[in-house]
Amino acid sequence: QVQLVESGGGLVQAGGSLRLSCAASGGTSRIYAMGWFRQAPGKGREFVGRIVKSGGRPSYADSVKGRFTISRDNAQNMVYLQMNSLKPDDTAVYYCAADASYSSSYYNPSVYDYWGQGTQVTVSS
């Protein structure tokens, strides 16, 4: 099992920034990639970004590209989501997720094996 715990959410004004953290524990050697997803009220879970543990450039949804940045610290089993130029449409519960294997459909939440509890991000006007 892998346990994931998100932190860093909160209330921020439009144009502001937040950095979310996700701490992984347990069987972290099983992790191939980490993803970030978000879910706004009344909407489905939406892909935000993903980073492969071994390296390479992260992938991002078009809606956040150029504003959000994923980084990792494998030694500490941490992954981060730096969110800049936040918009009210970014308001959602943000989840980190771990994928134990490669998938070309990394934007699909169903391919991920482990999920955190989520952290609320609210962006005001």
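Going by the structure above, here's the rest.
The rules behind the values
Residues numbered from 1 in each chain as written. Predicted model: local features only at pLDDT ≥ 70, side-chain atom pairs only at ≥ 80, totals over all residues. Heavy atoms only, no water. Salt bridge = Lys/Arg side-chain N within 4 Å of Asp/Glu carboxyl O. Buried < 20%, exposed > 50% of the residue type's maximum accessible area, 1.4 Å probe, protein only. Helix = DSSP H or I, 4+ residues; strand = E, 2+ residues; numbered from the N terminus. Core = buried A, V, L, I, M, F, W, Y, C linked by side-chain atoms within 4.5 Å. Pairing = 2+ DSSP bridges. 1 Å grid on protein atoms, 1.4 Å probe; cavity = no way out; pocket = protein on both sides within 12 Å on 5 of 7 lines; lining within 4 Å. Points joined across faces, edges and corners; volume = space filled by probe spheres on them. Contact = heavy atoms within 4.5 Å. Polar contact = N/O pair within 3.5 Å; in protein donor to acceptor, adjacent residues only side chain to side chain. Disulfide = S-S within 2.5 Å.

Asks: Would you take a moment to explain the pattern of salt bridges for this structure?
Replies: Opposite charge on two side chains makes pairing possible when the charged atoms of those side chains draw close. In total, this model carries four salt bridges according to the counting rule given. With its nearest N and O atoms 3.2 Å apart, the salt bridge here joins D62 to K65. Here D62 falls in the exposed class, since its relative accessible area comes to 66%. With a shortest N-O distance of 2.8 Å, R67 and D90 are connected by a salt bridge. With R67 in the loop between β6 (59-60) and β7 (68-73) and D90 in the loop between β8 (78-83) and β9 (92-99), this pair connects stretches of sequence that are 23 residues apart.

Asks: Looking at this structure, I do not really get the nonpolar core. What am I missing?
Replies: Generally speaking, soluble globular proteins have nonpolar side chains that are buried together. Judged by nonpolar contacts, the single largest core of 33 residues is most densely connected at L4, M34, W36, F68, L81, M83 and Y94. Looking at this core, the elements with two or more residues in it are β1 (2-7), β3 (18-26), β4 (33-39), β5 (45-52), β7, β8, β9 and β11 (119-124). For this core, the element with the highest residue contribution is β9, accounting for five residues.

Asks: Mind showing me how you'd approach the pairing of β5 here?
Replies: Regular strands place their side chains on alternate faces of the sheet. Counting buried positions along β5 gives six out of eight residues, so the element sits mostly inside the fold. The turn linking β4 back onto β5 is made up of five residues, and G42 within it adopts a positive phi angle of 75 degrees. Two strands pair when backbone bridges link them, and β5 and β6 are joined in this way by two bridges, in the antiparallel orientation. The partner of R50 across the bridge, within β6, is S59. Linking β5 back to β6 in an antiparallel pair, the connection comprises six residues, with G55 at a positive phi of about 135 degrees.

Asks: Mind showing me how you'd approach empty space enclosed by the protein here?
Replies: Here the idea is plain: a probe the size of a water molecule rolls over the atoms and shows the empty space left. On inspection of all chains with the given rule, the structure shows one cavity of 30 Å³ or more. Taken as a whole, the largest cavity holds about 120 Å³ of empty space. What lines the largest cavity is C22, A23, A24, I31, M34, I51, K53, R72, N74, N77, M78 and V79. The greatest single-element share of the lining of the largest cavity, amounting to three residues, is contributed by β3.

Asks: Please explain the environment of R67 as it appears in this structure.
Replies: Judged by its relative accessible area of 12%, R67 falls in the buried class. When the C-alpha positions of R67 and L86 are compared, they lie 7.8 Å apart, and in sequence the two are 19 residues distant. Apart from the residues within four sequence positions on either side, R67 is in contact with Q82, M83, N84, S85, L86, K87 and D90. Polar contacts involving the side chain of R67 include one to the side chain of D90, which spans 2.8 Å.

Asks: Would you take a moment to explain the state of the cysteines for this structure?
Replies: By definition, a disulfide links two cysteine residues through a covalent bond between their sulfur atoms. Counted under the stated rule, the structure contains one disulfide. Note on cysteine connectivity: C22 is disulfide-linked to C96, with sulfurs 2.0 Å apart. Between C22 and C96, the disulfide has an S-S torsion of 55 degrees and is therefore right-handed. Placement of C22 in strand β3 and of C96 in strand β9 is noted, with a sequence separation of 74 residues between them. Taking relative accessible area as the criterion, C22 reaches 0% and is therefore assigned buried.

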